[in-house]
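Commentary on secondary and tertiary structure
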Amino acid sequence: SQELEQSPQSLIVQEGKNLTINCTSSKTLYGLYWYKQKYGEGLIFLMMLQKGGEEKSHEKITAKLDEKKQQSSLHITASQPSHAGIYLCGADRNYGGSQGNLIFGKGTKLSVKP
Amino acid sequence: NAGVTQTPKFRILKIGQSMTLQCAQDMNHNYMYWYRQDPGMGLKLIYYSVGAGITDKGEVPNGYNVSRSTTEDFPLRLELAAPSQTSVYFCASSYSRQMKTQYFGPGTRLLVL
């Protein structure tokens, strides 16, 4: 079965610094979703990537799906306290026969020190 | 649009009690999901539904039941609560098999003592 591994598990950065979170799959990724979760709240959808080499940006957050489609990275530029939270990647469970199910990584906890 | 709503936000149950976690969405989404999130374990799919009247098991369905009588609502039933069901429960929805982006509710925190 497909597994998603996120690294690092947790990250503490100084405000203003850049950072990268990785999501690596044991199988080819056909759809990769990034979510952010604040403590005690639900998941907020950030971005979806489907094509190898695809890159999307929203404000200071950029996500990329590598050419081989087995890894995605999430990069935050000039981090702010508002970026703090848990970042989760999700992927299509099965291609073709999928019922829309996603599997998720265990998350990366980001703390931003003012 | 309210999006995906869940009630209650927090609940304490005694072992053996039953309860229903409510979930509703107003986005006319066909697909709905229930997940549980345990510390350090990520999200695990409990049940999902591809439309009214159709439900199927996910990874961890034991101890839970669902029904989908309408497009909008997808309640999750715990019949005999056990301490292992202490978790945060999230409901999510998506439009279709092609449009798979899932939108999540705020969660229900359940403590079974």
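First, a word on what this report is: a plain description of the structure on this page. (Residues numbered from 1 in each chain as written. Chains lettered and ligands numbered in written order. Predicted model: local features only at pLDDT ≥ 70, side-chain atom pairs only at ≥ 80, totals over all residues. Heavy atoms only, no water.)

Residue and element names in this part refer to chain A. As summarised here, the arrangement of the five strands in space is 1-3-8-7-6, forming an open sheet in which the pairing is antiparallel. Here the strands that pair on one side only, and so sit at the sheet edges, are strand 1 (4-7) and strand 6 (55-58). Shown here is a sheet whose adjacent strand axes are inclined to one another by a mean of 15°, direction ignored. Relative to strand 3 (residues 19-25), strand 1 runs antiparallel, the two sharing four bridges. Its bridge partner lying in strand 3, E5 is registered against T24. (Pairing = 2+ DSSP bridges. Helix = DSSP H or I, 4+ residues; strand = E, 2+ residues; numbered from the N terminus. Axes fitted to C-alpha atoms, helices over the stretch in contact; angles between N-to-C directions.)

Moving on: the interface of chain B and chain A. Each partner contributes to the interface: chain B provides 22 residues, whereas chain A provides 23 residues. Taken over both partners, the interface formed by chain B and chain A buries close to 1800 Å², and the fraction arising from carbon and sulfur atoms is 51%. Our count for the chain B to chain A interface comes out at zero salt bridges. Class assignment of the residues belonging to the side of chain B that touches chain A gives a composition of 12 nonpolar, six polar and four charged. (Contact = heavy atoms within 4.5 Å. Buried area = accessible area lost by both parts, 1.4 Å probe. Salt bridge = Lys/Arg side-chain N within 4 Å of Asp/Glu carboxyl O. Nonpolar A, V, L, I, M, F, W, Y, C, P; charged D, E, K, R; others polar.)

What follows is about the pattern of salt bridges. Where charged atoms of side chains with opposite charge meet at close range, the side chains can pair. Considering all chains together, one arrives at three salt bridges over all chains under this definition. A salt bridge links A:E54 to A:K56; the shortest N-O distance between them is 3.7 Å. Of the residues examined, A:K56 reaches a relative accessible area of 31% and is grouped as partly exposed. The salt bridge partner of B:E79 is B:R77, with a shortest N-O separation of 3.2 Å. (Buried < 20%, exposed > 50% of the residue type's maximum accessible area, 1.4 Å probe, protein only.)

All names here are of chain B. Here the structure, examined in full by the defined rule, presents two disulfides over all chains. Disulfide partner of C23: C91, at an S-S distance of 1.8 Å. In this structure, the disulfide formed by C23 and C91 twists by about -70° around the S-S bond and is classed as left-handed. Note that C23 is positioned in strand 3 (residues 19-25) and C91 in strand 9 (residues 87-94), a separation of 68 residues in sequence. Here C23 matches C91 in class, with each residue buried. (Disulfide = S-S within 2.5 Å.)

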